[in-house]
Amino acid sequence: MSYASSRAWALKETFRGFRQNFSLFSLATFLSALALSIPLFISTIFYELAEPIRQIPTSVEITVFTKSGTDMEKLSKAVAEIETIERVSLVPKDEAIRSLNEHLGLKDKAVKHNPLPDILIATVSSTSPAGVDAAAGRIEKIEGVDMLAYETDWREKLDALSNAARLGLLCLGIVVLTLVMLVVAASIRLTTLSVQPQMKALYLFGASPSFAMRPIAWRGFILMMSASLGAIAITYAGLAVLGHPIATVARLYEVELALALPPVDWCAGFVIICSLIGYIIALLSAQDAWRKARR
């Protein structure tokens, strides 16, 4: 049989299998779509909810209090020349006292005698306490610097908490993906249980293994492609239901948050990967059926 005719027969046999076992394939597709929607929905929710957290600055900042009469432009350039300093921002003393009053909730913000000096905020690129201390030591030696204020304990606690959270999410992800793969494998395997007589007949007629297994592998590909598209649809529906309540809560905390599906290219990659997984699992099931037909 020629290349074209063998593929034409495989395509015809693929859809004939769908027609003969429509209810079985529908059930397998629905179960697979539900299973795939779990990691897709959870990952989308976590990613969107983490967006405000990712926008929070986590760099250590050193507050530099200056002496009276210091040339602030010259001091800013000297601090910025330190390798581990990302950026330097100037906070004039009038702005500093106004910010302090707002933080303390003072209604009368007019201050006749401002005790605060001009302030520099130096953002350190290093996240290690030793690196921050080294940068602070160099800043302290610059002429015009009166005193420094900075804190590194919160960064160590944040790093420890982030590492624990990442490890916990990784373990949860492994468990969820394992369960999903088991459900998907069982669903695809369910659709190949009825092909044993066909495999036996093809073997007796002298068909090659690739010729006999091709329709089954294609069914797995189409099944998982349909299931992944169904998972995206289920996820979209879930996000639409949760979108308004979560946006309402976000507005109360003055945060812009909108739940949405991942970009189109990411969704396309998801569909392609799932389809290939279906192809591989179905092909492995077909190989097992072929081995049994040869006995």
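Residues numbered from 1 in each chain as written. Predicted model: local features only at pLDDT ≥ 70, side-chain atom pairs only at ≥ 80, totals over all residues. Heavy atoms only, no water.

Asker: Please clarify how the overall build of the protein chain should be interpreted in this entry.
Answerer: A tally of regular secondary structure across the protein chain gives 10 helices and four strands. Helices and strands appear in the protein chain in the N-to-C order α-α-α-β-α-β-α-β-α-β-α-α-α-α. Within the span of the protein chain, comprising 295 residues, buried residues form 36% of the whole. Counted over contacts in the protein chain with a minimum sequence separation of 6, partners at least 24 positions apart contribute 83%. (Helix = DSSP H or I, 4+ residues; strand = E, 2+ residues; numbered from the N terminus. Buried < 20%, exposed > 50% of the residue type's maximum accessible area, 1.4 Å probe, protein only. Contact = heavy atoms within 4.5 Å.)

Asker: Mind showing me how you'd approach a nonpolar patch on the surface here?
Answerer: A contiguous nonpolar surface patch, about 700 Å² in accessible area, is contributed by F221, M225, L229, I272, L276, Y279, I280 and L284. Those elements that place two or more of their residues in the nonpolar patch are α9 (209-252) and α10 (264-293). For the nonpolar patch, the element with the most residues is α10, which contributes five residues. Mapped onto the elements of the fold, M225 is located in helix α9. Note on M225: relative accessible area 30%, which makes it partly exposed. (Patch = residues over 30% accessible without salt bridge, like charges linked within 9 Å, V, L, I, M, F, W, Y side chains within 5 Å. Areas by Shrake-Rupley, 256 points an atom, 1.4 Å probe, with all protein chains shown as cover. Salt bridge = Lys/Arg side-chain N within 4 Å of Asp/Glu carboxyl O.)

Asker: Could you clarify how one ought to interpret the pairing of strand β1 (residues 60-66) in this entry?
Answerer: Along a regular strand, successive side chains alternate from one face of the sheet to the other. Most of β1 is tucked away: six of the seven residues are buried. As judged from the six bridges shared by β1 and strand β3 (residues 119-124), these two strands associate in the antiparallel manner. Looking across to β3, one finds that E61 is bridged to T123. In this sheet, strand β4 (residues 145-149) lies alongside β1 in antiparallel orientation, the contact comprising four bridges. Across the sheet, the residue bridging to F65 is M147, located in β4. (Pairing = 2+ DSSP bridges.)

Asker: Help me understand the nonpolar core in this model?
Answerer: Side chains of a nonpolar character, in soluble globular proteins, are inclined to be buried together. One finds L36, V184, I188, M199, M224 and F270 to be the most contacted residues of the largest nonpolar core, which totals 35 residues. Looking at this core, the elements with two or more residues in it are α2 (22-49), α7 (153-191), α8 (196-204), α9 and α10. M224 has contacts with S32, L36, V184, I188, C274, S275 and G278, leaving out every residue within four places of it along the chain. Ranked by size, the runner-up nonpolar core spans 18 residues in total, among them I62, V79, V124 and A135. (Core = buried A, V, L, I, M, F, W, Y, C linked by side-chain atoms within 4.5 Å.)

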